[in-house]
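The chain contents come next:
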Amino acid sequence: MDTLINPAPVVYERKETKRHKGRSTTDETQRDAIDALEIFEHVRDITDPEHPYSLEQLNVVSEDLINVDDAKGNIMVQFTPTVQHCSMATLIGLCIRVKLMRVLPTRFKVDIMITPGGHSTEDQVNKQLNDKERVAAALENPSLVQMVNNSLQTVK
């Protein structure tokens, strides 16, 4: 990219996370519940499309912006672009959605939203990210899929 949207982003340290001691069962007929920490672990290392940093390092995603209702099968992930006018917001949200589509059971309904007040066009971006037909159309574009796959490779 010739011109960076955010030429000097603030880079944060990777946070240490601790698994809360829950009811883990050895009964193979029962499944462990999925929680916000597990979702965060899946999305924290997605690479920002503009910078060689993870979404966690840029403070775009955090565990406290993820809500999971395992019993109802609902997950909501909010993310905060580094600048209000970030043109990569839709791509970042698409990367989060694709990552979760690849790792979660299909019983989950996942909503991807920009943190309220986090973007100048958040309503339009949220609508795009949560419209199945628009997401499916985006994933038919080989160039876009390549950009998503590049972002899903682990940051070193």
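You'll find the structure just up there.
Since we're looking at a predicted model, the values are computed, not measured.

Caption draft 1: Highlighting the packing of helix α2 (residues 89–103) against helix α5 (residues 142–152). Contact geometry for α2 and α5: axes closest at 10 Å, N-to-C directions at 70°. The orientation of α2 relative to α5 falls into the category roughly perpendicular. When α2 is examined against α5, the residues L91, L94, C95, V98, K99 and R102 are found in contact with a partner set consisting of L144, M147, V148, N149, S151 and L152. Per-class residue counts for the contact of α2 with α5 are eight nonpolar, two polar and two charged.

Caption draft 2: Spotlight on the environment of M76. If you trace the backbone, M76 turns up in strand β2 (residues 74–79). Residue M76 is classed as partly exposed on the basis of its relative accessible area of 26%. Sequence-wise, M76 and D111 are 35 residues apart; in three dimensions their C-alpha atoms are separated by 4.7 Å. If we ignore the near neighbours within four places in the chain, the residues touching M76 are L65, I66, N67, D111 and M113.

Caption draft 3: Quick peek at the sheet that holds β2. Taken in spatial order, the three strands line up as β1-β2-β3 in an open sheet, and their pairing is mixed. Two strands in the sheet have a free side with no partner beyond their single neighbour: β1 (66–69) and β3 (109–114). Going across the sheet, the axis of each strand differs from the next one's by a mean of 10°, ignoring polarity. Those strands touched by helix α1 (residues 36–43) are β1 and β2, and its axis lies near 130° from that of β1. Running at roughly 160° to β3, α2 makes contact with β2 and β3 of the sheet.

Caption draft 4: Structural view of the pairing of β1. Relative to β2, β1 runs antiparallel, the two being bridged by four bridges. The residue bridging I66 from the neighbouring strand is V77, located in β2. Here β1 hands over to β2 after four residues, with G73 in that stretch at a positive phi of 75°.

Conventions adopted
Residues numbered from 1 in each chain as written. Predicted model: local features only at pLDDT ≥ 70, side-chain atom pairs only at ≥ 80, totals over all residues. Heavy atoms only, no water. Axes fitted to C-alpha atoms, helices over the stretch in contact; angles between N-to-C directions. Helix = DSSP H or I, 4+ residues; strand = E, 2+ residues; numbered from the N terminus. Parallel < 35°, antiparallel > 145°, perpendicular 65-115°, else oblique. Contact = heavy atoms within 4.5 Å. Nonpolar A, V, L, I, M, F, W, Y, C, P; charged D, E, K, R; others polar. Buried < 20%, exposed > 50% of the residue type's maximum accessible area, 1.4 Å probe, protein only. Pairing = 2+ DSSP bridges.

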